[in-house]
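# Chain and residue survey
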Amino acid sequence: RLKSLARMELDKPFLNECATEYMVVDELPDKRSSMKKHIKAVAAHRLPFTTDEIINEYLAGYILSRDKLLSGDFKSPFTIYTRVTHPDEYPHSVPRAAGTYLTIRLKDAYHATHMLGLRMLLDYVQTNYLRIIGDAYIQKLRNYWSSPNHQDYITQIEIPVEKI
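Just so it is clear, the structure is predicted and the values come from calculations on it, not from any experiment. (Residues numbered from 1 in each chain as written. Predicted model: local features only at pLDDT ≥ 70, side-chain atom pairs only at ≥ 80, totals over all residues. Heavy atoms only, no water.)

## A short note on the overall build of the chain
Condition: Runs of H or I in DSSP of at least four residues are treated as helices and runs of E of at least two as strands, each being numbered from the N terminus. Summary of the burial criterion: residues with accessible area below 20% of their type's maximum are buried, those above 50% are exposed, and those between are partly exposed, where the area comes from a 1.4 Å probe applied to protein chains only. Contacts are assigned to residue pairs with any non-hydrogen atoms lying within 4.5 Å of each other. In this description, accessible areas are obtained by the Shrake-Rupley approach with a 1.4 Å probe, and a residue is regarded as covered only by the protein chains that are shown.
On a plain count of helices and strands, the chain comes out with 4 helices and 9 strands. Going residue by residue from the N terminus, the α and β elements of the chain occur as α-β-β-α-β-α-β-β-β-α-β-β-β. Counting across all 164 residues of the chain, residues that qualify as buried make up 40%. If you take every contact in the chain between residues at least 6 apart in sequence, the share linking residues at least 24 apart comes to 74%. About 9,500 Å² of surface is accessible on the chain, with carbon and sulfur atoms providing 55% of the total.

Right under this line is the structure:
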């Protein structure tokens with residue numbers, strides 16, 4: 001997986017046909033909550049995935065609701081998710097629908113550019129006659145688990161869309 005990241009095209013939106021994927025989803029505390037409460041919630045979410053497979057298998061991310069995305073409120077993802085390949089091992093796993101996802105991959109250390117990526121995707125939706133039909137999924141493909149250099153971090157953003 002990490003080798004394929006070196007060949008990825010960055011900063012360019014593209015349409016991607018995605019199969020159904022499964023994930024474990026948990027709500028995060030309100031943004032007015034303390035950092036300690038937020039960290040505890042993330043740690044509780046990640047606890048079932050703390051094995052030696054965490055780097056390769058269990059990529060986590062955040063869900064930004066469609067409503068917040070369309071209103072431009074990009075600083076409020078209140079949901080964390082972790083993709084799983086064996087949903088039967090996680091009783092609370094839920095499917096993410098198959099379909100067409102508008103996707104962008106960005107060099108992104110510490111969530112510095114994902115807001116720009118979201119704006120780029122919204123512009124692409126407008127100019128290419130698409131409609132957003134679901135939530136945005138923001139996920140680090142390369143992060144501190146897989147690279148000691150924060151300049152190598154890559155974030156992927158996916159939004160389900162349909163043609164108008």
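## Digging into the pattern of salt bridges
To be explicit about the condition: A side-chain nitrogen of Lys or Arg and a carboxyl oxygen of Asp or Glu constitute a salt bridge if their distance falls within 4 Å.
Counted under the stated rule, the structure contains 8 salt bridges. In this structure, E9 and K12 form a salt bridge, with 3.9 Å as the shortest nitrogen-oxygen distance. Judged by relative accessible area, K12 falls into the partly exposed class, the value being 47%. Close ionic contact of R83 with E21 constitutes a salt bridge, the shortest N to O distance being 3.2 Å. One end of the pair, R83, is in strand β4 (residues 79-84); the other, E21, is in strand β2 (residues 21-27), and 62 residues separate them in sequence. Residue classification places E21 among the partly exposed positions, given a relative accessible area of 24%. Overlapping salt bridges bring together E21, R83, R96 and E158 as one network.

## Re the side chain of R83
The following threshold applies: Between N or O atoms, a polar contact is any pair within 3.5 Å; within protein, one atom must be a potential hydrogen donor and the other a potential acceptor, and residues adjacent in sequence are included only when both atoms are from side chains.
Judged by relative accessible area, which is 14%, R83 ranks as buried. Here the side chain of R83 touches E21 through a polar contact of 3.2 Å, side chain to side chain. Here the side chain of R83 touches E158 through a polar contact of 2.4 Å, side chain to side chain.

## Here we look at the nonpolar core
Where a protein is soluble and globular, its nonpolar side chains tend to be buried together. For the record, the criterion: In this text, buried Ala, Val, Leu, Ile, Met, Phe, Trp, Tyr and Cys residues form a nonpolar core when linked through side-chain atoms within 4.5 Å.
Grouped together as the largest cluster of nonpolar side chains are 17 residues, with contacts concentrated most on L64, L69, L118, I132, I157, I159 and V161. Look past the residues within four positions of V161 in its chain and what remains in contact with it is L15, T100, L102, V125, L130, R131, I132 and I133. In terms of nonpolar packing, the next biggest core, distinct from the first, is built from 6 residues, C18, M23, Y81 and Y101 among them.

## So, unusual backbone geometry
Of note in this structure, D11 is not a glycine but carries a positive phi near 65°. If you trace the backbone, D11 turns up in the loop between α1 (2-5) and β1 (14-18). Take D11: its relative accessible area is 45%, and that puts it in the partly exposed class. Here Y129, not a glycine, exhibits a phi torsion of approximately 55°, which is positive. By the element assignment, Y129 lies in the loop between α4 (114-127) and β7 (130-132).

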